[in-house]
There are 2 protein chains.
Amino acid sequence: MNLRIPGPIPVPNNILEAMAKPMINHRGPEFAELLNRVTDGLKQVFQTNNDLYIFTASGTGVMEAAIVNTLSPGDNVLSASVGVFGDRFAEIASTYGAKVEKLKFAEGKGVDPNLIRESLVKNPNIKAVLVVHNETSTGVTNPLPEIAKIVKTEFNKLLLVDGISSVGSIPVQTDFLGCDVVATASQKGWMLPPGLAFLSFSSEAWKAHKVSKMPKFYFDIANYEKYLKIGQPPFTPALSVMYSLDIALRQILDEGIENVFERHFDIAEATRNGIKNIGLELFADKSVASNTVTSVKIPDNIDAKLLMSTMRKKYNIVLAGGQKELSGKIFRIGHLGLCTHQEIEDVIESLKKSLPNCKLAS
Amino acid sequence: MNLRIPGPIPVPNNILEAMAKPMINHRGPEFAELLNRVTDGLKQVFQTNNDLYIFTASGTGVMEAAIVNTLSPGDNVLSASVGVFGDRFAEIASTYGAKVEKLKFAEGKGVDPNLIRESLVKNPNIKAVLVVHNETSTGVTNPLPEIAKIVKTEFNKLLLVDGISSVGSIPVQTDFLGCDVVATASQKGWMLPPGLAFLSFSSEAWKAHKVSKMPKFYFDIANYEKYLKIGQPPFTPALSVMYSLDIALRQILDEGIENVFERHFDIAEATRNGIKNIGLELFADKSVASNTVTSVKIPDNIDAKLLMSTMRKKYNIVLAGGQKELSGKIFRIGHLGLCTHQEIEDVIESLKKSLPNCKLAS
C-alpha cells in the first residue's frame, strides 16, 4: 500500500523492525541510556538547547501540554489559525479557561504576521501567541521566522508552536527563532509509528510554568523534568516507539537535517509539479505551500469520494480527503519522512488515470 | 532476560511480531474494523456492556481521564488508598480541584470496606469513591466486590476504579459490581507493550460527565465517543499496539477469561510458596495478596540494592524494588500476562543463591 496521508506514514522496514524488540525495565539502566540518547538526538533536530520531553500521546496531547504548562485561566492568548489544527489549538486554550482572541485566515492562505503585530499592539495584555507551523488540513506552512520575530523580538510574548507536521521535515530553528514551546509527534517526519510526542520547553516557558494555574498531571512537565534527572519517565512510556525513535534519529542525524529538509522540499516540488502537469490546481498559495503535505483542489465535475476510493481500491494508494469545511473540496497528499519520487509518480499517474472515471453525473 | 516487574511485561513473540506491521490510515475502513473488533473484545474482558474507549497514554493518563470526565472542582471525593497508586489517584483529583477526603491504610494491608461505609455515612456530600483495585506498589488486591457493594448498592455513589494491574488478570466484573469507570493499561495483563490505555464508562458516569466542569480535551471521552460512532479515533492512536491488542485479545478470549484468572492465581500461589520456601517473608497480608505482583520483605541483614543488581547481572532477572517509603524494604515480582512456572522457579532459585552474597556488612 502506498500510504500517502499526512501521518501515519509508511515506516522504513529497519525502523519498523525495532518495534518488535522485547520489553525492558523502564526504570532500569538500559532505558536510562536510551532516554538520554534520544532526548539528545531530538534536541539536535529541534535545533535547541531548551529542555525536551517525551510523552506517550498523540500530537493533540502535546498541544494540550504546551498550553496547560504555560498558562492560567483568564490569560489573554492570541491564536493565529489557518485551518483545523490552528482552530484546535485555540479550542484547547479556551477549554482550559484562557481568553482567546482569534485571528483566522482563509484556508489555503498563510498567517499574515502583520496582523499578529496589529493584535499585539491593540491588546498589550496578550501573554502568548499560538501558531501551527505547518497546517496539515490545508497544506500550508506559516511563516514562522517572521511570526517569531514579531512575537519574540518586538513584543517578547510567549510563542507556543505546533510543529507536529514540520519539525524534522521543514526547518524549525527553535532557539534561533526563540520559540518557547514546540510540539511534535512521532508519526510525522520522524518516520515512526504513532504513540510518542515531543515537546521543547524554554526558560521563559519555565517561568510561565511557575505561575501557571491550569490544572495538569499527566501532561505536567514538572513530572517529566523530575524523572528525566534520574534517567526515567514519570509514567510508563510507549517503549517500542522509543526503540524505533533511537534508530530513526540516528538515520536523520547521519543524513544531516539540512539534507532531510532539502529532500522534503524536492519531493514536495515534484508533487506540486506533477499535480499541475495533469491539469489539477493546487489549493495552498504558492508562497506558503507545505513541503510535507500537498493540498489539491477537486475539480467541480469530479466526485471526491469516488476519486479517493478509486485510488485506494484500484491503485492501492491512500490519499487524505479534506477535513470539515474542506470535505469534498480538496484532497491531500502526504510526503513526509522517507517518500520516494517513484511513489509520487505513482500517485500522479494513478490520479491521471482515475480522474476521467470519477466524473459527477451532470 | 526474565523481566519480572509488574509491567512492562515480557510480550509473547507472536504478539510482539504484530508490532512491526506496516502503518494504515487511522481514518480508513481497515482501521474501523480493527477498532470495532478490539473495543468489543475489551468489553468482554472488562465484563461490561458499558461504553469503552481506547487512549494513547499510560495508565496514569486514564486515571486522569476517570476523574476529569466525571467530576467538577469542589466536588467531594473519597479516596481509599493502600499505596503509591492510590495516593496518585487522590493527587490527580486534588490537582483538578476536587476536595479529597483520604482514607489511608497501612502498606501491605487492603482497604477496609467498613471504613468506607463510615466515611460515606459521615459525609453525605461525597460524590465519588476512588479506589485502586490492585495496588502494584504493595502487591495488594483490594476487596472490590465488598467496596462496590457499599459504594453502589448502599450509597449509590460514583465508583471510579483503577484496574490497571488487575483487569484481564484478576476478576473485575465491571457491570455486576456496578463500577462506573474502570481504567487499565496495555503493558499489564494484556500481554502488550505500553502505549495504550482503556477506560469503561457507565451511564451513571455519562450523567456525571454532563455536569462535569473539570477542563479536558485530550482525555475528554466526548471526543472519543463522537469518533467511535464513525469507526475512528479522535486523535492518531498508537497503531502498532492496536495491532498487537487485536491478537492478544483473541488469545485471551480463546483461552477463556476464567482460565486466565485461574492461571494468574496458580502462578501467584507458586510465587508465594516459593518465597516462603526459601525463608523470605511476604509483605502483603495473605487475605489481600495480589495475583499479579508479589511483594517480599527484604530481611534486615540484606542489602536491597545489591540483591537487585546481583539478580540482574548474574541471573538476568529483573525484579522491581520498593517505591517511595518502601524503597529498600521490599522487592516485587511481577507475574502478569503469560508467566511460566519455570520463570518463577528461576526467580526463586536465583534469589536463594543470591541472598547469602548480599548481606550487609555488620
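Residues numbered from 1 in each chain as written. Chains lettered and ligands numbered in written order. Predicted model: local features only at pLDDT ≥ 70, side-chain atom pairs only at ≥ 80, totals over all residues.

Attention shifts here to the overall build of chain A. Each helix and strand counted, chain A has 13 helices and 13 strands in total. Here chain A has a C-alpha radius of gyration of 20 Å; the compact-globule value for 362 residues is 21 Å, and the two agree. Taken over the C-alpha atoms alone, chain A extends approximately 60 × 55 × 30 Å along its principal axes. Here chain A holds 362 residues, and 56% of them are scored as buried. Restricting the contact set of chain A to residue pairs at least 6 apart, pairs at least 24 apart contribute 72%. (Helix = DSSP H or I, 4+ residues; strand = E, 2+ residues; numbered from the N terminus. Rg over C-alpha atoms; globule rule 2.2 N^0.38 Å. Buried ≥ 20, exposed ≤ 12 C-beta atoms within 10 Å, placed from the backbone. Contact = placed C-beta atoms within 7 Å.)

This part is about the interface of chain B and chain A. How big an interface is tends to be stated in terms of the accessible area lost upon association of its parts. Counting residues at the interface gives 43 residues for chain B and 42 residues for chain A. Listed by contribution, the elements that provide at least two residues to the side of chain B that touches chain A are α1 (13-17), α3 (59-68), α4 (84-95) and α10 (239-255) of chain B. In terms of residue count, the dominant contributor to the side of chain B that touches chain A is α3 of chain B (4 residues). In terms of residue class, the side of chain B that touches chain A is made up of 26 nonpolar, 15 polar and 2 charged. (Nonpolar A, V, L, I, M, F, W, Y, C, P; charged D, E, K, R; others polar.)

Attention now moves to the relation of the copies chain B and chain A. The two copies are related by a screw motion: chain B maps onto chain A through a turn of 180° and a shift of 0.0 Å along the axis, at an RMSD of 0.0 Å. What the rotation and shift describe, once combined, is the action of a two-fold rotation axis. When the interface residues of chain B are mapped onto chain A, 98% of them are again interface residues, pointing to one common binding face. (Least-squares fit on C-alpha atoms with pLDDT ≥ 70 in both.)

Turning to the domain arrangement of chain A, a few remarks are in order. All names here are of chain A. Splitting chain A by domain gives domain 1 (14-254) and domain 2 (256-357). A C-alpha centroid distance of 26 Å is found between domain 1 and domain 2. Grouping the amino acids of the side of domain 1 that touches domain 2 by side-chain chemistry returns 7 nonpolar, 13 polar and 3 charged. (Domains from an automatic or database assignment.)

Here the focus is the sheet that holds strand β13 (residues 330-334) of chain A. All names here are of chain A. Ordered in space as β1-β12-β13-β11, the 4 strands form an open sheet in which the pairing is mixed. Whereas interior strands pair on both sides, the edge strands pair on one side only; in this sheet they are β1 (2-4) and β11 (293-297). Averaged over all adjacent pairs, the angle separating strand axes in this sheet is 30°, with direction ignored. The sheet contact formed by β11 and β13 spans 5 bridges and is antiparallel. Residue Val293 lies in a different strand from β13, and its bridge partner there is Gly334. Against the sheet, helix α12 (residues 304-315) contacts β12 (317-321) and β13, and its axis sits at roughly 160° relative to β12. (Pairing = 2+ DSSP bridges. Axes fitted to C-alpha atoms, helices over the stretch in contact; angles between N-to-C directions.)

Moving on: the sheet that holds strand β12 (residues 317-321) of chain B. Residues and elements named next belong to chain B. Read from one edge of the open sheet, 4 strands run β1-β12-β13-β11, paired in mixed fashion. The outermost strands of the open sheet, each flanked by one partner alone, are β1 (2-4) and β11 (293-297). Within this sheet the neighbouring strands show an average axis-to-axis angle of 30°, counted without direction. Contacting β11 and β13 (330-334), helix α11 (residues 257-277) runs over the sheet at an angle of about 10° to β11. Strands β12 and β13 of the sheet are contacted by helix α12 (residues 304-315), whose axis makes an angle of about 160° with β12.

It is worth spelling out the packing of helix α3 (residues 59-68) of chain A against helix α4 (residues 84-95) of chain A at this point. Residue and element names in this part refer to chain A. Axis separation between α3 and α4 bottoms out at 10 Å; the angle between their running directions is 50°. Relative to α4, α3 is oriented oblique. Pair α3 / α4 crosses with right-handed handedness. On the side of α3, the interface is formed by Thr60, Met63, Glu64 and Ile67, while α4 contributes Arg88, Phe89, Ile92 and Ala93. For the contact of α3 with α4, the class distribution of residues is 5 nonpolar, 1 polar and 2 charged. (Parallel < 35°, antiparallel > 145°, perpendicular 65-115°, else oblique. Left-handed = near helix turned anticlockwise from the far one by under 90°.)

Right, let's talk about the nonpolar core for a bit. With 245 residues, the main nonpolar core has Val62 and Leu199 of chain A together with Val62 and Leu199 of chain B as its most contacted residues. Those residues in contact with Leu199 of chain B, other than ones at most four positions away along the chain, are Leu52, Tyr53, Phe55, Val62, Ala65, Ala66, Val181 and Ala183 of chain B. (Core = buried A, V, L, I, M, F, W, Y, C linked by C-beta atoms within 7 Å.)

On to the environment of Met191 of chain B. All names here are of chain B. Positionally, Met191 belongs in the loop between β9 (181-185) and β10 (196-201). We classify Met191 as buried; it has 28 C-beta atoms within 10 Å. In this structure the C-alpha to C-alpha distance between Met191 and Pro12, which are 179 residues apart in sequence, comes to 7.0 Å. The contacts of Met191, once residues within four sequence positions are left out, are Ile9, Val11, Pro12, Ile15, Ala248, Gly337 and Leu338.

Before going further, it helps to examine α4 of chain B. All names here are of chain B. Taking 1.5 Å of rise per residue, the 12 residues of α4 would be expected to cover 16 Å, and the 16 Å separating its terminal C-alpha atoms lies within 8% of that figure. Elements that come into contact with the buried residues of α4 comprise α3, β3 (76-81), β4 (99-104), β5 (126-132), β6 (134-135) and β8 (158-162). With its phi angle positive at about 95°, Gly97 sits one or two positions after the end of α4. (Expected span 1.5 Å × (residues − 1).)

Tracing the backbone through its elements, the reader meets Glu107 of chain B in the loop between β4 and α5 (113-122). Taking the C-alpha atoms as reference, Glu107 of chain B lies 34 Å from Trp206 of chain B; in sequence the two are 99 residues apart.

This part is about the confidence of the model for chain A. Taken as a whole, chain A shows an average pLDDT of 98; of its residues, 100% reach a score of 70 or greater. At the level of chain-chain contacts, confidence expressed as ipTM amounts to 0.97, with global pTM at 0.98. (pLDDT = per-residue confidence, 0-100.)

Residues and elements named next belong to chain B. Of all the 7 residues making up β5, 6 are buried; the element is thus mostly covered by neighbouring parts of the structure. In terms of strand pairing, β3 meets β5 through 5 bridges, oriented parallel. Its bridge partner being in β5, Val77 is matched across the sheet by Ala128. In this structure, β5 lies alongside β8, joined through 5 bridges in parallel fashion. Across the sheet, residue Val131 finds its bridge partner in β8, namely Val161.

What follows concerns helix α6 (residues 144-154) of chain B. All names here are of chain B. Inspection of α6 places Leu144, Ile147, Ala148, Ile150 and Val151 among the buried residues, and these make up the whole buried set. End-on view of α6: buried residues confined to an arc of 165°, all on one side of the axis. Of the exposed residues in α6, those oriented more than 90 degrees away from the buried face are Thr153 and Glu154. On the buried face of α6, the contacting elements are α5, β5, β8 and α7 (174-177). Of the residues one or two after α6, Asn156 is the one with positive phi, at around 50°. (Arc of directions from axis to C-beta.)

This paragraph deals with the packing of α11 of chain B against helix α13 (residues 341-354) of chain B. Residue and element names in this part refer to chain B. Where α11 meets α13, the axes come as close as 10 Å, and the angle between the chain directions of the two elements is 20°. Classified by the angle between their axes, α11 and α13 sit roughly parallel to one another. Taken as a pair, α11 and α13 cross one another with a handedness that is right-handed. Across from Ile267, Ala270, Thr271, Gly274 and Ile275 in α11, the residues of α13 making contact are His341, Ile344 and Ile348. In the contact of α11 with α13, the residues fall into 5 nonpolar, 3 polar and no charged.

Quick look at the pairing of β8 of chain B now. Two faces belong to every sheet, and in a regular strand the side chains alternate between them. Residues and elements named next belong to chain B. Burial analysis of β8 places 5 of its 5 residues in the buried class, the great majority of the element. Along β8, one buried face is formed by Leu158, Leu160 and Asp162 and the opposite face, lined by Leu159 and Val161, is buried too. As defined by bridge partners, β8 adjoins β9 across 3 bridges and the pair is classed as parallel. If you follow Val161 over to β9, its bridge partner there is Val182.

Let us now look at the environment of Leu245 of chain B. Residues and elements named next belong to chain B. With respect to the secondary-structure elements, Leu245 resides in helix α10. Owing to 27 C-beta atoms within 10 Å, Leu245 belongs among the buried residues under this scheme. As for Leu245 and Phe89, which are separated by 156 residues in sequence, their C-alpha atoms are 26 Å apart. Apart from the residues lying within four places of it in its own chain, the contact partners of Leu245 are Val38, Ser186, Trp190, Leu192 and Leu196.

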